[in-house]
Amino acid sequence: QVQLVESGGGLVQAGGSLRLSCVVSGSTGRVNVIGWHRQAPGNERELVARIFNRGDTIYADSVKGRFTISIDYAKNTANLQMNSLKPEDTGVYYCYLVQPNTREYWGQGTQVTVSS
């Protein structure tokens with residue numbers, strides 16, 4: 001059973017930083033993509049960042065230059081470093097991974113709140 005557990009969310013002032021972590025456990029096998037989405041109240045879940053198994057990355061335009069996604073293979077952890085946070089970054093952040101057979105696994109989410 002594959003499990004993803006996020007941590008690192010919290011309350012921060014605008015301009016501050018947070019580092020989210022997603023620990024992956026279980027028999028994941030080969031992974032095509034691992035990444036982060038977020039969902040603000042009343043909004044649909046949207047892509048924040050993703051990293052492919054070859055190392056290339058994709059970021060939402062709204063976070064480019066401020067957020068960085070990385071993987072610590074030794075710790076089976078995907079990280080999202082978030083700098084220069086803005087109130088519009090507020091939401092629940094979800095970690096996910098996609099296997100080659102397109103099966104997806106999602107974490108339970110961690111709340112990020114940015115005050116102005």
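Refer to the structure above for everything that follows.
## Some details on the state of the cysteines
- All chains considered together, the criterion is met by one disulfide.
- C22 shares a disulfide with C95; S-S distance 2.1 Å. With the S-S dihedral at roughly -80°, the linkage between C22 and C95 falls on the left-handed side. Of this pair, C22 sits in strand β3 (residues 18–25) while C95 sits in strand β9 (residues 91–98), and the two are 73 residues apart along the sequence.

## Focus on the pairing of strand β7 (residues 67–72)
- Relative to strand β8 (residues 77–82), β7 is paired through six bridges, and the arrangement is antiparallel. Among the inter-strand pairings, S70 is bridged to a residue of β8, identified as N79.
- Counting the residues between successive antiparallel strands, the hairpin from β7 to β8 contains four residues, one of them, N76, with a positive phi of roughly 50°.

## Side note on the sheet that holds β3
- The strand order across the open sheet formed by four strands is β1-β3-β8-β7, and the pairing between neighbours is antiparallel. On the outer flanks of this sheet lie β1 (3–7) and β7, each paired with one strand and no other. Adjacent strand axes in the sheet meet at a mean angle of 15°, parallel and antiparallel pairs treated alike.

## Some points on the environment of V112
- Take V112: it is sitting in strand β11 (residues 110–115).
- Separated by 20 residues in the primary sequence, V112 and V92 place their C-alpha atoms 6.0 Å from one another.
- Apart from the residues lying within four places of it in its own chain, the contact partners of V112 are G9, G10, L18, L20, M82, D89, T90, G91 and Y93.

Thresholds, definitions, all that
- Residues numbered from 1 in each chain as written.
- Predicted model: local features only at pLDDT ≥ 70, side-chain atom pairs only at ≥ 80, totals over all residues.
- Heavy atoms only, no water.
- Disulfide = S-S within 2.5 Å.
- Helix = DSSP H or I, 4+ residues; strand = E, 2+ residues; numbered from the N terminus.
- Pairing = 2+ DSSP bridges.
- Axes fitted to C-alpha atoms, helices over the stretch in contact; angles between N-to-C directions.
- Contact = heavy atoms within 4.5 Å.

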